[in-house]
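Summary of the model geometry
The residues making up each chain are set out below.
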Amino acid sequence: MHASRLVFVLNGPNLNLLGKRQPEIYGAETLADVEAGCRALATSLGLELRFHQSNREYEIVDWIHEAREIAGGIAINPAAFTHTSVAILDALNAFDPPVIEVHISNVHKREAFRHHSFVSLRADGVIAGFGTQGYQLALRRLATLIESRSA
Ligand code: CA2
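Below you will find a few notes about this structure. Here the structure is a predicted model, which is why all the values come from computation and not from measurement. (Residues numbered from 1 in each chain as written. Predicted model: local features only at pLDDT ≥ 70, side-chain atom pairs only at ≥ 80, totals over all residues. Heavy atoms only, no water.)

Here Tyr 135 shows up in helix H5 (residues 133–150). Assessed through its relative accessible area of 2%, Tyr 135 is described here as buried. Considering only alpha carbons, one finds Tyr 135 and Ala 75, 60 residues apart in sequence, at a separation of 7.5 Å. Apart from residues no more than four positions distant in its own chain, Tyr 135 is found in contact with Val 9, Asn 11, Leu 15, Val 34, Cys 38, Asn 77, Val 102 and Ile 104. (Helix = DSSP H or I, 4+ residues; strand = E, 2+ residues; numbered from the N terminus. Buried < 20%, exposed > 50% of the residue type's maximum accessible area, 1.4 Å probe, protein only. Contact = heavy atoms within 4.5 Å.)

Following this line, the structure appears as structure tokens:
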């Protein structure tokens, strides 16, 4: 089977503030910096990228539905929706290719309410606490998984 090399990178609420507030938790890079880094790596991995951020749960659900038709994988930082959203879990459960969950901070070192993730019930892998480098690790893993599905 030939798996699509198109990957969606989806970001949840408040991640538009990355690099502008709380650098001690989330680092100094902006979301635009993260996107630029992902685009450069995607090119070198032979992946095509769709990179989105929204503060609205339904938009994230809609992008996952769009990905069902065309994408070979999703990397998602659902942000606060990680801990609350059955809707995003249900959408991901209707998406067959690999899903990697990304958190910039180590959620397990933080408040107890961040320790539970609905999305982890579906994710094939979870990256937490690697800073914004976690996005690059997720893309590398998706490239590996897409290749193994094409073999
Ligand atoms: O560590 C992560 O990536 C999180 O997904 C980030 C979410 C948080 O709710 C999760 O528990 C862990 C928060 C994203 C908010 O991002 C901001 C960035 C800069 C300033 C303020 C918020």
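Attention now moves to the side chain of Asn 77. Looking at where Asn 77 falls in the secondary structure, it is placed in strand S3 (residues 73–77). There is a polar contact of 3.3 Å between the side chain of Asn 77 and the side chain of Tyr 135. Aside from chain neighbours lying at most four places away, what touches Asn 77 is Leu 10, Asn 11, Gly 12, Leu 15, Val 102, His 103, Ile 104 and Tyr 135. (Polar contact = N/O pair within 3.5 Å; in protein donor to acceptor, adjacent residues only side chain to side chain.)

Glancing now at the pattern of salt bridges. Oppositely charged side chains may form a pair once their charged atoms are brought near each other. Under the counting rule described, the total for this entry stands at seven salt bridges. Here Arg 39 makes a salt bridge to Glu 35, at a shortest N to O gap of 3.0 Å. Of the two residues, Arg 39 and Glu 35 are both situated in helix H2 (residues 31–45); the distance of four residues between them amounts to about one turn of the helix. Residue class for Arg 39 comes out partly exposed when judged on its relative accessible area of 35%. The exposure class of Glu 35 is partly exposed, given its relative accessible area of 25%. Here the salt bridges share partners, and the residues they tie into one network are Arg 110, Glu 111 and Arg 114. (Salt bridge = Lys/Arg side-chain N within 4 Å of Asp/Glu carboxyl O.)

Any functional reading would require information beyond the geometric quantities listed.
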